[in-house]
Amino acid sequence: MELFTNQILAGISTGAIYACMALALVMIYQAIDHLNFAQGEMAMFSTFISWQLMQWGVPYWVAFVITLAFSFIAGIAIERILFKPLAKAPILTNVAGFIALYSIINSCAGLIWDFTIKQYPTPFGSSPFLGSQLISTHQAGMIGITLLMLLGLFYFFRYTRIGLAMRAAASVPESARLVGINTSWMIALGWGMAAAIGSVAGMMIAPVVFLEPNMMLGVLIYGFAAAVLGGLTSPFGAVIGGFLVGTFENLVGTYIPGVGNELKLPIALALIITVLVVKPAGLFGRPIVKRV
Amino acid sequence: MSAAEEIVAEGQAVEAVPKRAMTLGTGTSLVLLAVLLLVPLLVKNFIIFQMTMLLIYGIAVLALNILTGGSGQFSLGQSAFYAIGAYTSAILMEHFDVNYALTLPIAGILCFAVGFLFGQPALRLSGVYLALATFALATAMPQLLKLGFFEKWTGGVQGLVVTKPEAPEAVQSMLTWFQLKMSQDMWLYYFTLVVTVAIYISSVNLLRSRSGRAFMAIRDNEIAASAMGVDVALYKTLAFGVSAGITGVAGGLGAIAVQFVAPDSYTITLAIALFLGMVVGGVGWLPGSIVGSAFIIFVPNLAESISKGLSGAVFGVLLFLVIFLVPHGARQVAMVSQQLIAKLKQR
Amino acid sequence: MTAMLNVKDLRAYYGQVQALHGLNFSLNEGSLTTLLGANGAGKTTTLRAICNMVRSTGAIEFEGKPLASRSTETIVRLGIAHVPQGRGTFTTLTVEENLQLGAITRRDRVGIVSDIERMYGYFPVLKQRYTQQAGTLSGGEQQMLAVARALMLRPRLMLLDEPSFGLAPLIVRDLFEILGRINREDKVTILVVEQNAQLALELADQAYVIETGRIVMAGGAKQIANNEDVRKSYLGY
């Protein structure tokens, strides 16, 4: 029984990583109605930027803020330059664009910073949290930051005019234009915010998975799964989904015999799909009323 | 222009390619066929091998085109079916001494069944959710192939070596009469070409048939299709099955051509490559499959030759160039050329 | 009276198909005009062309400003509200959020709040459902929401595309009465596209009849209503 609780707790702390990523993915989904596979790579690149700043002597939190700002601007720039031209193209073509972006960022990161693993600092220290052996202060800090971001996003979407405008633009773009919203810029803004959130995710995750160009691949997949599980329309669901996925992953690895590291991923995904078959809009997603 | 407008504008994820435009004109097809028949006689074995792979990936992309362009279902999991087909052929040939040609229909039928079965739970999912499910399938496959449980047949992490077939006796003797010799590569190429043409023609007929219309009705508006009496569940799973079956045949051919199967040859990278092939070729445009196939075979090499260190970035840039210039893929090029030729004819 | 909206030689296209073949008309400030015509005649296309939602050529001027090169949202910000066909409700958002969106380009928070109350006054059923997801409202309720949303812009010109579509006759009467009030009291110029010719002609002061992309009749509403061809084709008697 104790092993079980321990695994749950451990799962929640790994889950915080996925929750972070899932938030960024849901953010972009809110803005553009599809998922950007290059999100993880953008987060990775931002994390490298922050690392580079720290290598040059910039203190952690200053580097953090600069990276946040850089990511926001970069996200908008990428959207304006690479994806605005594709706005009228079919969705599948846009997906191909995401894949291309992934390839470019991954390759550039590899060239600039090479593929050796680097240590990445944490501002929270890594001593046991409140004396517990399972959660370190860093993981607690990560969960804290994730929840903070969630709160911020909630407030943004619910109570600000821009948040409402973004939701409208994502919901029915034509009607949004008919109330005077510049839907094109809403999309750019969504990208910027997603990039910024992603960068926070990256900077939180790096101390745990170590910094290297391919660090986000596993995280992205689990984050994607978490976002879908939670319901793509719900940031709250994304976070819960993240924790659930982390827990699934741990429990599967511990309790199902013969499952090494390699099979954890497909099994976790299979479980998520089972949930989706039962609840197609995800746990907290709002089922969309479809009228013919 | 009534309330129907709103329905169409909402959520049509896959563009409808008009039935008429689904294939090449007879003239162009014949020219292409002639090229495919004659070129191998003039080039070295390695190029013939590459052309064989071109056809094989073309078949796999075509299968995806039927699934996505035809019935509107996303799949990032085609690599799994390709792998099953490949391993089926390899295992049958190496462990059970089955003739290579016979392994293909077996691989096809087996993969059809797997695809059909996979299509069942997939019924409840669509769009991004289906993408995730197929993605899971694709990531699971290499791991399943590595499982110790199956190692006796699959060869585990090392995989299996596959014997390359020779041209049959009858053909050999006929050719020696003309004082020609057919290399293994050339025989395999023509064999593959026959299979490819057969699959292409059957696919075109499938899409023009009642089933094909059912697929396209589902793609364009699933709710309306079901209201009109289309058995959506049946046709969706059928589409998955057919697509998987064809991919399985491609996989089998691939195993024979490459002479080798191993789990890490069939990762998600392959599934993504096939997806890109479909987009570059033009979603739902069957002839584009070969253009897409050419893209995924040759462009990565091109990228690497331009810059070894940044090959991924160069590839990405080239891909962006393609989708900026022709967002609808090779089909767009074909349409534009058609219009240009029509204009020139008018002069 | 000055012409608020001037349309000259408007041609509109859906891909290769030409839907409008050179429309000419104008709307006077403060007028309530109806555009009548059968299905597919080009009524909706006309409204969409004004808001630059469809490819078109020709000159459209609103209060002296040309609209042709502006984006839809810019045109809206000039003071033109468009209630589209099918209503275009933000189905995943609440009723109140839909209303707030109507005013999203306005800065005067106090004015917005009082306007929302005024909308609830016109359409009490919206007040009852104000936290409900808009997609769960009935067709009639969504239509009222769409009109209310348009009014939240405090538009100078309001375009309505078949507001009576799918609504029970009594509700349509109420709705048209409200439109009349808005036109007279709030001085909003209105262009209503309708298939329900009878009610539209009772409400409006000006009318145009459009057939296969061309205006075939223009004049005062009463005059058009008494026209024999119109009565036979559109009024059924």
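Small disclaimer: the values here were computed from a predicted structure and weren't measured.

Basis of the calculations
- Residues numbered from 1 in each chain as written.
- Chains lettered and ligands numbered in written order.
- Predicted model: local features only at pLDDT ≥ 70, side-chain atom pairs only at ≥ 80, totals over all residues.
- Helix = DSSP H or I, 4+ residues; strand = E, 2+ residues; numbered from the N terminus.
- Rg over C-alpha atoms; globule rule 2.2 N^0.38 Å.
- Buried ≥ 20, exposed ≤ 12 C-beta atoms within 10 Å, placed from the backbone.
- Contact = placed C-beta atoms within 7 Å.
- Core = buried A, V, L, I, M, F, W, Y, C linked by C-beta atoms within 7 Å.
- Domains from an automatic or database assignment.
- Nonpolar A, V, L, I, M, F, W, Y, C, P; charged D, E, K, R; others polar.

J.: For the overall build of chain C, give the residues involved together with the corresponding values.
T.: The number of helices and strands found in chain C is ten helices and ten strands. Rg of the C-alpha trace for chain C: 17 Å, near the compact-globule value of 18 Å for 237 residues, within the 12% margin. Structurally, chain C occupies a C-alpha span of about 45 × 40 × 35 Å along its principal axes. Sorting the 237 residues of chain C into buried and exposed places 48% on the buried side. Counting contacts in chain C only where the partners sit at least 6 residues apart, residues at least 24 apart contribute 66% of the total.

J.: Got a sec to walk through the interface of chain A and chain C? Specific residues and values, please.
T.: With 18 residues of chain A in contact, the opposing surface of chain C contributes 21 residues. Mapped by element, the contributors of at least two residues to the side of chain A that touches chain C are α6 (161-171) and α7 (173-178) of chain A. Take the side of chain A that touches chain C: its biggest share by element is six residues, from α6 of chain A.

J.: I'd like a rundown of the environment of Ala140 of chain A, residues and numbers included.
T.: Residues and elements named next belong to chain A. As for its position among the elements, Ala140 is in helix α5 (residues 137-159). Given 17 C-beta atoms within a 10 Å radius, Ala140 is considered partly exposed. For Ala140 and Pro128, which are twelve residues apart along the polypeptide, the C-alpha to C-alpha distance reads 9.5 Å. Non-local contacts of Ala140, meaning those with residues more than four positions away in its chain, are made with Phe129 and Ile135.

J.: I'd love a proper account of unusual backbone geometry, names of residues and values included.
T.: All names here are of chain C. Backbone geometry at Glu63 places phi at a positive 50°, although glycine is not the residue there. Along the polypeptide, Glu63 turns up in the loop between β4 (55-62) and β5 (65-66). Under the C-beta neighbour-count criterion, Glu63 is labelled partly exposed, with 15 such atoms within 10 Å. A positive phi is found at Arg87, a non-glycine position, where the angle reads about 75°. Structurally, Arg87 can be placed in the loop between β6 (80-83) and α3 (95-102).

J.: A description of the nonpolar core should follow, citing residues and the corresponding values.
T.: In terms of nonpolar packing, the biggest core is built from 281 residues, with Ala22, Leu23, Leu25, Met27, Ala225 and Val228 of chain A touching the most fellow members. When residues of this core are assigned to domains, at least three fall in each of domain 1 (3-79 + 155-235) and domain 2 (88-154) of chain C.

J.: Quick rundown of the interface of chain B and chain A? Include the residues and the values.
T.: Residue-level contacts link 36 residues of chain B with 36 residues of chain A. Listed by contribution, the elements that provide at least two residues to the side of chain B that touches chain A are α6 (127-146), α11 (222-227), α13 (268-281) and α15 (311-325) of chain B. Taken together, the residues of the side of chain B that touches chain A break down into 26 nonpolar, seven polar and three charged.

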